[in-house]
Amino acid sequence: IKNATGSSRVSCYKQSKLLWKFHVGGAGASMTTGLEGHFVAVGTLDGYLHLLSASSGRQLLPPLALESSPYLMETCAYDPPPAVLLNLGSMDQLNVLKNRLVYLLVITRSGLCSVYEMKSMRLVSARSAAPLLLNRRGMEPMSQQPNADGSAPTPQIEYFRSIVSATVTLSGEPIVTMSDGYAFVFHRDMQSWMRIADDSYPSSEFFRP
């Protein structure tokens, strides 16, 4: 909620009961995302990332200075495989679940794609996704709109595309899906974006028609 002073307030409720409030100064909050029982992340228009405790609202770290404001933020959590839990006692299962992998993905407006592991508070990977925004299919028509006079549609050329969704793999590698349906994963060992979905394989879970 943005107030008259230009700051913003983030409020956390549980069953209509207010648990905590956090005030963000400056340009105001651009987005929030969180994972129950772990953390809340607040990105601001002036390029800061605030990491808060989900239970108390206290700051887990001082604000992180990003090189531009956040464009997209997502959280992903991975539990151990069920086969692993079956062989453990109840207390051991609880300890394993406490150590589940929890990732925060932040894509800024300049295209930097960063993945943080929130349990250990460490950066897993950071790579610019800006080169993916160029439509490398050249002059191929991306869409067709009928003319007002009913004549043949005029091809519409799209030279750039946008990121429409993103997620993180179990190993902490970001996956981004583009507006033309293509999807890419950043391979840390190869230090490159790899295309994992396109219109030649529309049944892929990452393909977006």
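Here the structure is a predicted model, which means the values were calculated and not measured.

J.: Describe the pattern of salt bridges, listing the residues and the values that go with them.
T.: In this structure the tally under the stated criterion is two salt bridges. Here Asp-180 and Arg-161 are joined by a salt bridge, their closest N and O atoms 2.7 Å apart. A residue pair is termed long-range when its members are at least 10 positions apart, and Asp-180 in the loop between strand E14 (174-178) and strand E15 (183-187) and Arg-161 in the loop between strand E12 (154-156) and strand E13 (163-168) qualify at 19 residues. Across this residue pair, the class does not change: Asp-180 and Arg-161 are buried. A salt bridge links Asp-198 to Arg-195; the nearest nitrogen and oxygen atoms lie 3.0 Å apart. You can call Asp-198 buried: its relative accessible area is 11%.

J.: Quick rundown of the sheet that holds strand E8 (residues 101-108)? Include the residues and the values.
T.: Strands sit in the order E7-E8-E9-E10 across an open sheet of four strands; the sheet is antiparallel. In this open sheet, the two edge strands, each paired with only one partner strand, are strand E7 (70-78) and strand E10 (122-128). Between one strand and the next, the sheet's axes are offset by a mean angle of 15 degrees, whatever the strand orientation. Bridging between E8 and strand E9 (residues 112-117) involves five bridges; their strand directions are antiparallel. Bridged to Leu-105 within E9 is Val-115.

J.: Provide a residue-level description of the sheet that holds E14, including the pertinent values.
T.: Pairing is antiparallel across the open sheet formed by four strands, whose spatial order is E13-E14-E15-E16. The sheet terminates laterally at E13 and strand E16 (192-197), the two strands that pair on one side only. Across this sheet, the average inter-strand angle for adjacent strands is 25 degrees, counted without regard to direction. When E13 meets E14, the two strands line up antiparallel, connected through five bridges. Looking at the pairing, Thr-167 lines up with Ile-175 of E14.

Thresholds applied
Along every chain, residues carry numbers that run from 1 in the direction the sequence is written. Restriction of local features to residues with pLDDT of at least 70 applies here, the model being predicted, together with a cutoff of 80 or more for giving and counting side-chain atom pairs; totals for whole chains, interfaces and linings are based on all residues. Only hydrogens and water are set aside; all other atoms, that is, all heavy atoms of the structure, feed into the side-chain values. By definition, a salt bridge exists where a carboxyl oxygen of Asp or Glu is found within 4 Å of a side-chain nitrogen of Lys or Arg. Labels follow the DSSP assignment, with helices taken as runs of H or I lasting at least four residues and strands as runs of E lasting at least two, numbered in each case from the N terminus. Relative accessibility thresholds used throughout: buried, under 20% of the residue-type maximum; exposed, over 50%; partly exposed, between the two (1.4 Å probe, protein chains only). Strand pairing requires that DSSP identify at least two bridges connecting the strands. To obtain each axis, a line is fitted to C-alpha atoms, and for helices this fit is confined to the stretch in contact; angles are then taken between N-to-C directions over 0 to 180 degrees.

All quantities given are derived from atomic positions and should not be read as evidence of function.
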